[in-house]
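Residue-level structure breakdown
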Amino acid sequence: MVVLGLLRSLRPKQWTKNVLVFVGLIFSKKLFPPPHGAWDVLEILRTVAGFIAFCFASGAVYVANDIIDRAADRLHPQKRFRPIAAGIVPVRVAAVFGAFCALVSLAVGWWLDWRFGAVIVGYLLMQLAYTLYLKRVVVLDVMIVAAGFALRAISGTFIVHVDVSPWLFVCAILLALFLALAKRRHELLFLEGGGVSHRSV
């Protein structure tokens, strides 16, 4: 039961966000080479490893968030069923598991490329600051969420050693802002006036 709860705490459904790591590979034409081109299998495998590293990193963030927000989550109609808030997973076990996931992501990240590893470090620190304080700052909270998407896209370019396109960065951040603001609006409508007890902003 605890093991299943730990896996649920990683929120596998959210891992689709980490597909943005493949953006650099796709636009460098190494995933879908032009006619008569050849697949760069090594770069594909490296990007898959980067995707896995970000899954561990985001999973560690979700675990930390659930530990810190467990009291508020118990007041939410849906989040109260999360394993840590529901008491299925002990806080100490969750903390050790989250730290393990963070270390795995850092180890894989630095092994792939020091710049990718640096992005993982920045992502973890930014998300920790978000969980502890920044998510209570209006507008800045959605900017942090959007920055997380942009970091995923940029990190993929470091793995395949291509230049970061300014257009890639701008498009990623604007799309992420749209999604983050839409999510906040959905929460506002879904909670019908009780949203402040869940999310102060």
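Quick summary incoming for the structure in this document. (Residues numbered from 1 in each chain as written. Predicted model: local features only at pLDDT ≥ 70, side-chain atom pairs only at ≥ 80, totals over all residues. Heavy atoms only, no water.)

Observations concerning the packing of helix α3 (residues 41-68) against helix α5 (residues 91-112)
At their nearest, the axes of α3 and α5 sit 8 Å apart, and the two run at 155° to each other. Between α3 and α5, the angle is such that the two are roughly antiparallel. Regarding α3 and α5, the two cross each other, and that crossing is left-handed. Residues R46, A49, G50, A53, F56, A57, A60, V63 and I67 of α3 lie in contact with α5, whose contacting residues are V91, A94, A95, F97, G98, C101, A102, V104, S105, V108, G109 and L112. Each residue belonging to the contact of α3 with α5 can be placed in one class, and the counts come to 16 nonpolar, 4 polar and 1 charged. (Axes fitted to C-alpha atoms, helices over the stretch in contact; angles between N-to-C directions. Helix = DSSP H or I, 4+ residues; strand = E, 2+ residues; numbered from the N terminus. Parallel < 35°, antiparallel > 145°, perpendicular 65-115°, else oblique. Left-handed = near helix turned anticlockwise from the far one by under 90°. Contact = heavy atoms within 4.5 Å. Nonpolar A, V, L, I, M, F, W, Y, C, P; charged D, E, K, R; others polar.)

Considerations on the nonpolar core
F54, V63, F116, Y123 and L124 are the most contacted members of the largest nonpolar core, which totals 30 residues. Secondary-structure elements contributing two or more residues to this core are α3, α5, α6 (114-132) and α7 (140-159). At 8 residues, the largest contribution of residues to this core is made by α3. If we skip the residues at most four places from it in the chain, Y123 touches F54, A57, S58, V61, G148, L151 and R152. (Core = buried A, V, L, I, M, F, W, Y, C linked by side-chain atoms within 4.5 Å. Buried < 20%, exposed > 50% of the residue type's maximum accessible area, 1.4 Å probe, protein only.)

Focus: the pattern of salt bridges
Inspection of the entire model under this criterion finds 6 salt bridges. For K135, the salt bridge is made with D69, and the minimal N-O distance between the two is 2.1 Å. Of the two residues, K135 is situated in the loop between α6 and α7 and D69 in the loop between α3 and α4 (70-73); the sequence distance between them amounts to 66 residues. The class for D69 is buried, based on a relative accessible area of 15%. Through salt bridges with shared partners, one network takes in R11, D66, D73 and R82. (Salt bridge = Lys/Arg side-chain N within 4 Å of Asp/Glu carboxyl O.)

Purely spatial values, then, with no claim about function.
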